[in-house]
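So you can see what is in the structure, the chains are spelled out below.
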Amino acid sequence: MELITRTLLLGLALSLTNAAPAHQDEPAPEDGDAALPDRCEGIEFDAITLDESGKNPFFFKEGHLWNGFYGPAKPSTMFFKELDEHHHLGHVDAAFRMHNPEKQDAHDHIFLFLDDHVFSYYNHTLETGYPKTIQEDFPGVPTHLDAAVECPQGECITDSVLFFKGQDVYVYDIVTKTVKTKTWPHLPLCTSAFRWAEHYYCFHGHNFTRFNPVSGEVSGTYPKDARNYFMKCENFGHGGDHKAPKCSEVKLDAITTDDRGRIYLFTGLNYMRVDNRRNGLHAFPITRGWKEVTNGVDAVFSYTNKMYLIKDDQVYIYKTDAHYVLIEGYPKSLREELGIEGTVDAAFLCPNEHTVHILQGHMIRDVDLTATPRVINREIPLPLPDIDAGLCGPDGIKVFKGSQYYLYESPMILATSRIAPVPRNITSGMIGCED
């Protein structure tokens, strides 16, 4: 299959959000104003958090903030007026956006920390009863914090908040309200922390270091200058002039939905993940999520909190806990794992079912994932051969072929239909290409 380039894939991601990053996974731009603090001078941020919509970040510096990756600094009190009314401190120690869908009275609220107090905002309005002492809202979390960042379940073990003070990290479980303390001496002293596109950044001075939110591990070459990624400055940056590709140029290698409803799209050596319309698409190398899979994928499907990645005649199975971990003993051959010979064009599994449908050339081969050993239990001629990718969801089955897809009501209709439905074009509303 023809492979889309990394630039093409990144273009897909950049077209979905006005707050898209200037570099592959680390953001973009702004205007200067001599009367206000200037990010391009290499300042150190006091705190960073996403707004309650999850689309734009706030960067705090003393009595000012930047709303988004674009634009000049503005007084913090334009957005959070009670900060000045209550404390007259002109600064924020730490900030984060609450992630707790089970508790709607706090979900998507912004929490700002000043000395020994915390402020909770929604719609830029201070919630009744605030400010409170930090101990009232977050027992076990110290005062005079350096930084804070939310960490949703799936990226951390549970829905959590990471609070930084010195080299200690206080992992606060939102549900149980318990705290575990870790020490990460290998990280710089974080003056602010930020979660963007599923990745975590410790800001220190005008630099940042990306870290694993569970282990604190740093992989890659860091620190990096924030002016190259999180804003646009003269003589800085890696070029954010990416253009979304035309939808007629798009071609997927594989697509799947995990147990949390997140959609993964694979093409070439890269993938994108869609959480929802709020967070949009972001392009990353496949090896960032599944480091053992170095040559792209042919097909992918998800089953019982595991993700199966198929390449050539090999199957890689990953646990989908906080981070993808290859199960010991894998990869295994297709024959050993699924009773399949040859290579695979596409695969899909419908919600709450146990049969994976494997598409190979002119055939659909069904495998019962509850059987041991796994063997093909049905083979049916495929009326539409050489499919690139397949996805089963509430609206039926989409099978992708080039820049088009075909929608079928069920696997049975796909297998027995002798006339293909009218093809539909991949659109900008699906994956952010240019119609």
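Reading the values: rules and limits
Residues numbered from 1 in each chain as written. Predicted model: local features only at pLDDT ≥ 70, side-chain atom pairs only at ≥ 80, totals over all residues. Heavy atoms only, no water. Core = buried A, V, L, I, M, F, W, Y, C linked by side-chain atoms within 4.5 Å. Buried < 20%, exposed > 50% of the residue type's maximum accessible area, 1.4 Å probe, protein only. Domains from an automatic or database assignment. Contact = heavy atoms within 4.5 Å. Pairing = 2+ DSSP bridges. Helix = DSSP H or I, 4+ residues; strand = E, 2+ residues; numbered from the N terminus. Axes fitted to C-alpha atoms, helices over the stretch in contact; angles between N-to-C directions. Salt bridge = Lys/Arg side-chain N within 4 Å of Asp/Glu carboxyl O.

Enquirer: What am I meant to see in the nonpolar core here?
Expert: One recurring pattern in soluble globular proteins is that nonpolar side chains are buried together. Core analysis: the largest hydrophobic core is formed by 55 residues, its most contacted members being Phe203, Phe230, Phe266, Trp290, Phe301, Leu309 and Leu338. Residues from two domains meet in this core; each of domain 1 (39-228) and domain 2 (247-430) gives at least three. Excluding residues within four positions of it along the chain, Leu338 makes contact with Phe301, Ile310, Val315, Ile358, Val367, Leu369, Arg374 and Val375. Judged by nonpolar contacts, the second largest core, of 32 residues, contains Val92, Phe96, Leu126 and Val141.

Enquirer: I would appreciate a short explanation of the sheet that holds strand 12 (residues 168-173) in the present structure.
Expert: Sheets are built from strands paired through backbone hydrogen bonds, the pairs being either parallel or antiparallel. What the four strands build is an open sheet, ordered 10-11-12-13; its pairing is antiparallel. Each of the sheet's edge strands pairs with one partner strand only, and the pair in question is strand 10 (147-151) and strand 13 (179-183). Shown here is a sheet whose adjacent strand axes are inclined to one another by a mean of 20°, direction ignored. Strand direction decides the pairing type here: strand 12 and strand 13, joined by five bridges, are antiparallel. Note that in strand 13 the partner of Tyr170 across the bridge is Thr181.

Enquirer: Explanation requested: the pattern of salt bridges in the structure shown.
Expert: A side chain of one charge can pair with a side chain of the opposite charge when the charged atoms of the two come close. Tallying each qualifying case throughout the model produces 11 salt bridges. Between Lys311 and Asp298 there is a salt bridge, and its shortest N-O distance comes to 3.5 Å. On the criterion of sequence distance, the pair formed by Lys311 in strand 23 (residues 306-311) and Asp298 in the loop between helix 4 (286-289) and strand 22 (299-303) is long-range, its members being 13 residues apart. Residues Asp366 and Arg378 are paired through a salt bridge, measuring 2.8 Å at the closest nitrogen-oxygen approach. Pair noted here: Asp366 is in strand 29 (residues 363-368) and Arg378 is in strand 30 (residues 376-381), with a separation of 12 residues, a long-range link.

Read these as geometric descriptors, not functional statements.
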